[in-house]
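Breakdown of the fold
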Amino acid sequence: QVQLVESGGGLVQAGGSLRLSCAASGRTFSRSTMGWFRQAPGKERKFVAAVSWSGGRTYYADSVKGRFTISRDNAENTVWLQMNSLEPDDTAVYYCAADERTLGFKTTPGEYDYWGQGTQVTVSS
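Note that this is a predicted model, so its numbers are computed, not measured.

Moving on, we get to the state of the cysteines. On inspection of all chains with the given rule, the structure shows 1 disulfide. In this model Cys-22 forms its disulfide with Cys-96; the gap between the sulfur atoms is 2.1 Å. Of note, the bridge from Cys-22 to Cys-96 carries an S-S torsion of about -80° and is left-handed in sense. In this pair, Cys-22 is assigned in strand E3 (residues 18-25) and Cys-96 in strand E9 (residues 92-99), connecting sequence segments 74 residues apart. Since its relative accessible area comes to 0%, Cys-22 is described here as buried. Looking at Cys-96, the relative accessible area reads 0%, which means it is buried.

Right under this line is the structure:
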């Protein structure tokens, strides 16, 4: 199993930056594809970014490509999401997730095995 705890959310003005962290524990973390999702009030949870088990490959939603960067350090059991040029539409609860079953990138929540509790990101205009 993998346990996930997100941190780093907060309130930021449009154009600003935030760095989210996801601290992981569990034996399978280093073999898991890791993803970030977000959920705005009244909306479905949506894929943001994913990183392969080695950190060598990444995949992004079109809406964040060029602004967000996902990375990981298996020695530190941590995944990060660096968010730059934030926009009000980025406001949501951000969730870290682990997919320990597949090697490819999955973009639907149901394909991930473990989830954190989420961290709120609010971008003011």
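Within the structure shown, the criterion is met by 7 aromatic pairs. Centre to centre, the rings of Phe-47 and Tyr-59 are 5.7 Å apart; their planes meet at 35°, and the pair counts as tilted. Of this pair, Phe-47 sits in strand E5 (residues 46-51) while Tyr-59 is found in strand E6 (residues 58-60), placing the two residues 12 residues apart along the sequence. A relative accessible area of 40% places Tyr-59 in the partly exposed class. Grouped by ring-pair contacts, the aromatic residues Phe-37, Phe-47, Tyr-59, Tyr-95, Phe-105, Tyr-112 and Trp-115 constitute a single cluster. Directly above the aromatic system of Tyr-95 lies the positively charged group of Arg-45, at a separation of 3.6 Å from the ring centroid. The ring of Trp-115 is capped by Arg-45, whose NZ or CZ atom sits 4.9 Å from the centre of that ring.

Rules behind the numbers
- Residues numbered from 1 in each chain as written.
- Predicted model: local features only at pLDDT ≥ 70, side-chain atom pairs only at ≥ 80, totals over all residues.
- Heavy atoms only, no water.
- Disulfide = S-S within 2.5 Å.
- Helix = DSSP H or I, 4+ residues; strand = E, 2+ residues; numbered from the N terminus.
- Buried < 20%, exposed > 50% of the residue type's maximum accessible area, 1.4 Å probe, protein only.
- Phe/Tyr/Trp six-rings, centres within 6.5 Å; stacked < 30°, edge-to-face > 60°.
- Lys NZ or Arg CZ within 6 Å of the ring centre and 35° of its normal.

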